[in-house]
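# Observations on chain architecture
Here is what each chain is made of, one letter per residue.
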Amino acid sequence: MLNIIVCVKAVPDPKEACNIKIDPHSKTLMRCDVPLVVNPLDKNAMEAALQLKEQFDVHISVLSMGPPEAGNIVKECLALGADQGFLLCDPAFGGADAYATAFTLAKGIEKIGAYDVIICGMASSDGSTEWVGPEIAAILNIPVVTMVKEIVESDRDRWKVKASLENGYRLMQVKLPAVFTVTRDLNTPRTLSFSGIIKARTKEITRWAISDLGVPAEAVGLKGSPTIVSELSSTESKREAEIIAGTREEKAEFLVQKLADVGVL
Ligand SMILES: Cc1cc2nc3c(=O)[nH]c(=O)nc-3n(C[C@H](O)[C@H](O)[C@H](O)COP(=O)(O)OP(=O)(O)OC[C@H]3O[C@@H](n4cnc5c(N)ncnc54)[C@H](O)[C@@H]3O)c2cc1C
């Protein structure tokens, strides 16, 4: 059996980004006012695991670190077809930066035990550092391939994948266990089915707090974060319209001058 762990982050619904507020004290995002959804690229990660489960003997575990409400996104992944769901939930995990998040997830993965493939999205839609996947691999001391856009071969102990580059791709062969971060080019995520939702009703979510992971409070959350966000401010984007009069040549000349004035040209 191939054991796949999919890391799924609960993010503020991008459609409600305008309602996201910043905690003036901890300089972290206040997630309670905006509904949490599955991070868009983690749906591609889930889809990759589900497609493999349709071909091979695969066990899918979903792992998330987040507030109690993140339980809903784990449940959603169970309804899509995951076998087990795990939620790392403890106030001590709050305010974690990318390293502390990766550390906590890596400890969760070690506690789950069996893993051959760990699939993450390339980036989250809120923090978007793209660091968590590679940092999980570094902490677990296993290889990582980022920006996977195609799984070419998926043998029991070795995968061959195409990973995006600006103008092309790298063909990577990697010995398992390994971490893969995926892009949206990899697949088209399936949507929830009624039968899947019904089946998920009986699937329990395993919830772990800091005491279950056996790690000190200094290693997780805000305390365990080597990076401190000292300032987080939202910028006002102002759009101004200017109608340019004159002939086509005059308009073009005016525009070139304008762009030169603002340093674009
Ligand atoms: C605006 C903003 C700027 C930030 N800047 C920084 C910064 O410069 N440095 C820094 O260290 N932190 C930063 N953070 C904090 C960082 O975003 C959080 O620590 C976050 O929990 C993890 O990083 P990420 O979302 O960027 O992950 P990414 O690396 O972008 O996420 C990639 C993948 O990792 C997995 N993953 C990430 N978080 C979780 C989770 N909680 N549960 C399960 N899977 C998960 C998912 O598969 C996800 O697709 C910032 C946060 C915000 C909102």
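Look a little higher up for the structure.
Rules of the game
- Residues numbered from 1 in each chain as written.
- Predicted model: local features only at pLDDT ≥ 70, side-chain atom pairs only at ≥ 80, totals over all residues.
- Heavy atoms only, no water.
- Near = heavy atom within 4 Å.
- Polar contact = N/O pair within 3.5 Å; in protein donor to acceptor, adjacent residues only side chain to side chain.
- Areas by Shrake-Rupley, 256 points an atom, 1.4 Å probe, with all protein chains shown as cover.
- Helix = DSSP H or I, 4+ residues; strand = E, 2+ residues; numbered from the N terminus.
- Pairing = 2+ DSSP bridges.
- Axes fitted to C-alpha atoms, helices over the stretch in contact; angles between N-to-C directions.
- Contact = heavy atoms within 4.5 Å.
- Buried < 20%, exposed > 50% of the residue type's maximum accessible area, 1.4 Å probe, protein only.
- Arc of directions from axis to C-beta.
- Parallel < 35°, antiparallel > 145°, perpendicular 65-115°, else oblique.
- Left-handed = near helix turned anticlockwise from the far one by under 90°.
- Nonpolar A, V, L, I, M, F, W, Y, C, P; charged D, E, K, R; others polar.
- Phe/Tyr/Trp six-rings, centres within 6.5 Å; stacked < 30°, edge-to-face > 60°.
- Lys NZ or Arg CZ within 6 Å of the ring centre and 35° of its normal.

On to the site of the ligand, then. Lys-9, Asp-42, Ala-96, Ser-124 and Thr-129 are the nearest of the 27 residues found near the ligand. At 3.1 Å from an oxygen atom of the ligand is found a main-chain nitrogen or oxygen belonging to Asp-97. Within the backbone of Glu-130, one N or O atom sits 3.0 Å away from an oxygen atom of the ligand. Surface burial for the ligand is 85%, taken as the share of its 930 Å² of free accessible area covered by protein chains. For the shell around the ligand, the secondary structure elements donating two or more residues are strand S6 (58-65), helix H3 (98-112) and strand S8 (117-121).

Pairing is mixed in the open sheet, where 9 strands are placed in the order S11-S10-S9-S12-S8-S1-S6-S7-S13. Edge positions in the sheet fall to strand S11 (168-175) and strand S13 (205-208), since each of these pairs with one other strand and no more. When the angles between neighbouring strand axes are averaged without regard to direction, this sheet yields 35 degrees. In the sheet, strand S1 (residues 2-7) pairs with S8 via 3 bridges, with the strands oriented parallel. Bridge pairing in S8 places Val-6 opposite Ile-119. Each of S1, S6, S8, strand S9 (144-154), strand S10 (158-165) and strand S12 (178-182) is contacted by helix H1 (residues 40-55), which is oriented at about 145 degrees to S8, the strand it contacts most. The sheet contacts of helix H4 (residues 132-140) involve S1, S8, S9 and S12, and relative to S12 the element is tilted by about 180 degrees.

To continue, consider H4. Those residues of H4 lying buried are Gly-133, Ile-136, Ala-137 and Leu-140. Summarising the axial view, the buried residues of H4 lie within an arc of 100 degrees, below the 170-degree limit, and thus occupy one face. Elements in contact with the buried residues of H4: S1, H3, S8, S9 and S12. Positive phi appears at Asn-141, one or two residues downstream of H4, with a value of about 55 degrees.

Before going further, it helps to spend a moment on the pairing of S12. In terms of burial, S12 is a largely internal element, 5 of the 5 residues being buried. For S8 and S12, the ladder comprises 5 bridges, and the chain directions are parallel. Residue Cys-120 lies in a different strand from S12, and its bridge partner there is Thr-181. The pairing of S9 with S12 spans 3 bridges and is parallel. Paired with Val-144 across the two strands is Val-179, which belongs to S12.

Take the side chain of Thr-101 next. With respect to the secondary-structure elements, Thr-101 resides in helix H3. Those residues in contact with Thr-101 that sit more than four places away from it in its chain are Met-65, Ala-96 and Val-132.

Between H3 and H4, whose axes approach to 8 Å, the crossing angle comes to 55 degrees. Taken together, the axis directions place H3 and H4 in an arrangement best described as oblique. Handedness of the crossing formed by H3 with H4: right-handed. Note on element contacts: H4 touches H3 through Val-132, Glu-135, Ile-136, Ile-139 and Leu-140, opposite Ala-98, Tyr-99, Thr-101, Ala-102, Phe-103, Leu-105, Ala-106, Ile-109 and Glu-110. Here the contact of H3 with H4 is composed, by residue class, of 11 nonpolar, 1 polar and 2 charged.

For any pair of aromatic rings, geometry is given as the distance between the ring centres together with the angle between the planes. Counted according to the given criterion, the structure contains 3 aromatic pairs. Here Phe-86 and Trp-208 contribute two aromatic rings whose centre-to-centre distance is 5.1 Å and whose plane-to-plane angle is 35 degrees, an arrangement assigned as tilted. With Phe-86 in strand S7 (residues 84-88) and Trp-208 in strand S13, this residue pair connects regions lying 122 residues apart in the sequence. In this structure, Lys-111 packs its charged tip against the face of Trp-208, placed 5.2 Å from the ring centre.

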